[in-house]
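# Working through the structure, step by step
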Amino acid sequence: MNKVVIYTDGACKGNPGPGGWGVLLRGAGQVEKELFGGEKLTTNNRMELTAVIEALQALKRPCHVHLHVDSKYVLQGASEWLAGWKAKGWRTASKQPVKNVDLWQKLDALLHTAGHHIEWVWVKGHAGDPGNERADMLANRGVEQMMAST
C-alpha cells in the first residue's frame, strides 16, 4: 500500500457563515497535492468533515493514510461515536438526530469501502505544525475563492 500523509482543516467566517475546507496530501518522495473549496453558508464542523471526505475521495487506490486533523469533533466522531450512531439509526446517545448526518454517512462509506488503512492523528490547531498551518491556509483560500465568486 502506498503511504500518504494528509492534513485537513476547515474554516468558517461566522458559524454558520461562509466556510472553506483545505487538504494537503503528501505522497512518496516530494509529491504534494493541495485541495480546497468552500460553501456560501455552512458551519465549521461541516467544513472539517468535508475536508476529510475530499481528501479520502482524492486517493485513487487503497492507501496507508496518516490523517492529521485538528478537529476533535471529526476525530472522536470517526473513531468513537460513528459505530454507535449507526447502530442507533443515526441517533445520538440522547436519541437526538446526529448533526451533519449526510456528511457522516459519506465518511462512513469511505471508511468502509475505499480499502484505506487510516491512522488518525490529532494536532493542535494554530500551534505551528507546518502541515496543519498549510491546511488552514488552504481552507481560508477556499473561503476567499467562494466569497469572490458570489
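Residues numbered from 1 in each chain as written. Predicted model: local features only at pLDDT ≥ 70, side-chain atom pairs only at ≥ 80, totals over all residues. Heavy atoms only, no water.

So, about the pairing of strand 3 (residues 32–42). For strand 2 (residues 17–26) and strand 3, the ladder comprises 9 bridges, and the chain directions are antiparallel. Bridging across to strand 3, G19 finds its partner in E39. Hairpin geometry of strand 2 and strand 3 is characterised by an intervening segment of 5 residues between the two adjacent antiparallel strands and by a positive phi of about 70° at G29. (Pairing = 2+ DSSP bridges. Helix = DSSP H or I, 4+ residues; strand = E, 2+ residues; numbered from the N terminus.)

The next subject is helix 3 (residues 101–113). For helix 3, which comprises 13 residues, the first-to-last C-alpha distance of 18 Å matches the rise-based estimate of 18 Å (1.5 Å per residue) to within 8%. Three or more residues of helix 3 are buried, namely L103, W104, L107, D108 and L110. All buried residues of helix 3 project into a common sector of 165° when viewed along the axis, lining one side. Exposed and oriented more than 90 degrees from the buried face of helix 3 are H112 and T113. Buried residues belonging to helix 3 abut helix 1 (44–58) and helix 2 (72–87). Among the residues trailing helix 3, G115 stands out with phi positive, at a value near 80°. (Expected span 1.5 Å × (residues − 1). Buried < 20%, exposed > 50% of the residue type's maximum accessible area, 1.4 Å probe, protein only. Arc of directions from axis to C-beta. Contact = heavy atoms within 4.5 Å.)

This part takes up the nonpolar core. The biggest cluster of nonpolar side chains holds 32 residues, and the ones touching the most others in it are I6, V23, L59, W104 and L107. Of all the secondary-structure elements, those providing two or more residues to this core are strand 1 (2–12), strand 2, helix 1, strand 4 (63–69), helix 2 and helix 3. Beyond its immediate sequence surroundings of up to four residues, L107 is in contact with L49, V52, I53, L56 and A78. (Core = buried A, V, L, I, M, F, W, Y, C linked by side-chain atoms within 4.5 Å.)

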